[in-house]
Amino acid sequence: MSVNKVILVGNVGKDPDVRYIDNGTPRCTFSMATSEVYKNKNGEKVTTTEWHNIVLWRGLAEIAEKYVKKGTQLYIEGKIRTRSYDDKDGNKKYITEIVGDVMQLLSRRQDDSPVSSDSPKPQESASFSDSADTATESINPELNGTDDLPF
């Protein structure tokens, strides 16, 4: 048995890029940064940042296109995939991506436009998950840090 599961909480590094493949299926890509802060042996605060290539498909891709912008804080759940391609000079290149199955918006919209009735309201988060062909949306009022875990 094996498990390929990734959970990331970080900030979007660039606006999502949504493209439609031959059969009309949307595919969204963007970078996401996760940071770790620690003190080195001299007591100085050090921040290290990892960049992740995120890929979302179908309904999640459409939701990201509508609600996600550079700087948005996201929770992403998915799996690691590594693929290869040949560059313009014929050299084989490898890229590691996180293929998202679940996305949760953790921050407010970044622009000054009014929040529409179908977008997450302040102090709320929106959770989205990708099933075979659709995405479902559920709004979770307030992330107040309470532990309501069933285990």
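Predicted model only: the values in this text are computed from it and were never measured.

Asker: What should I look at first to understand the overall build of the chain in this one?
Answerer: Across its full length, the chain carries one helix and eight strands. Start at the N end of the chain and walk to the C end: the helices and strands fall as β-β-β-β-α-β-β-β-β. When each of the 151 residues of the chain is scored for burial, the buried share is 31%. Surface summary for the chain: the accessible area is close to 10,300 Å², and the carbon and sulfur share equals 47%.

Asker: Mind showing me how you'd approach the pattern of salt bridges here?
Answerer: Two side chains of opposite charge can pair, provided their charged atoms sit close to one another. Scanning the model with the defined rule gives five salt bridges in all. The residue Asp-101 makes a salt bridge to Lys-79 at a minimum N-O spacing of 3.3 Å. Linking Asp-101 in strand E6 (residues 92-105) with Lys-79 in strand E5 (residues 73-86), this pair joins segments that are 22 residues apart in sequence.

Asker: Got a minute to help me understand the side chain of Thr-25 in this structure?
Answerer: By secondary structure assignment, the location of Thr-25 is in the loop between strand E2 (17-20) and strand E3 (26-39). A residue is classified by how much of its surface remains accessible, and Thr-25, at 17% relative accessible area, is buried. Here Asn-23 takes part through its side chain, which lies 2.7 Å from a polar atom of the side chain of Thr-25. If sequence neighbours within four positions are ignored, Thr-25 has contacts with Arg-19, Tyr-20, Trp-57 and Arg-58.

Asker: What should I look at first to understand unusual backbone geometry in this one?
Answerer: Positive phi, close to 50°, is recorded for Arg-58, a residue that is not glycine. By the element assignment, Arg-58 lies in helix H1 (residues 58-67). Residue classification places Arg-58 among the partly exposed residues on the basis of a relative accessible area of 29%.

Asker: Where do I start with the environment of Ile-54 in this structure?
Answerer: Tracing the chain through its elements places Ile-54 in strand E4 (residues 45-57). Residue Ile-54 is classed as buried on the basis of its relative accessible area, which comes to 1%. With 24 residues separating them along the chain, Ile-54 and Phe-30 place their C-alpha atoms 5.4 Å apart. Apart from residues no more than four positions distant in its own chain, Ile-54 is found in contact with Leu-8, Cys-28, Thr-29, Phe-30, Met-32, Ile-76 and Ile-98.

So, how was this worked out
- Residues numbered from 1 in each chain as written.
- Predicted model: local features only at pLDDT ≥ 70, side-chain atom pairs only at ≥ 80, totals over all residues.
- Heavy atoms only, no water.
- Helix = DSSP H or I, 4+ residues; strand = E, 2+ residues; numbered from the N terminus.
- Buried < 20%, exposed > 50% of the residue type's maximum accessible area, 1.4 Å probe, protein only.
- Areas by Shrake-Rupley, 256 points an atom, 1.4 Å probe, with all protein chains shown as cover.
- Salt bridge = Lys/Arg side-chain N within 4 Å of Asp/Glu carboxyl O.
- Polar contact = N/O pair within 3.5 Å; in protein donor to acceptor, adjacent residues only side chain to side chain.
- Contact = heavy atoms within 4.5 Å.

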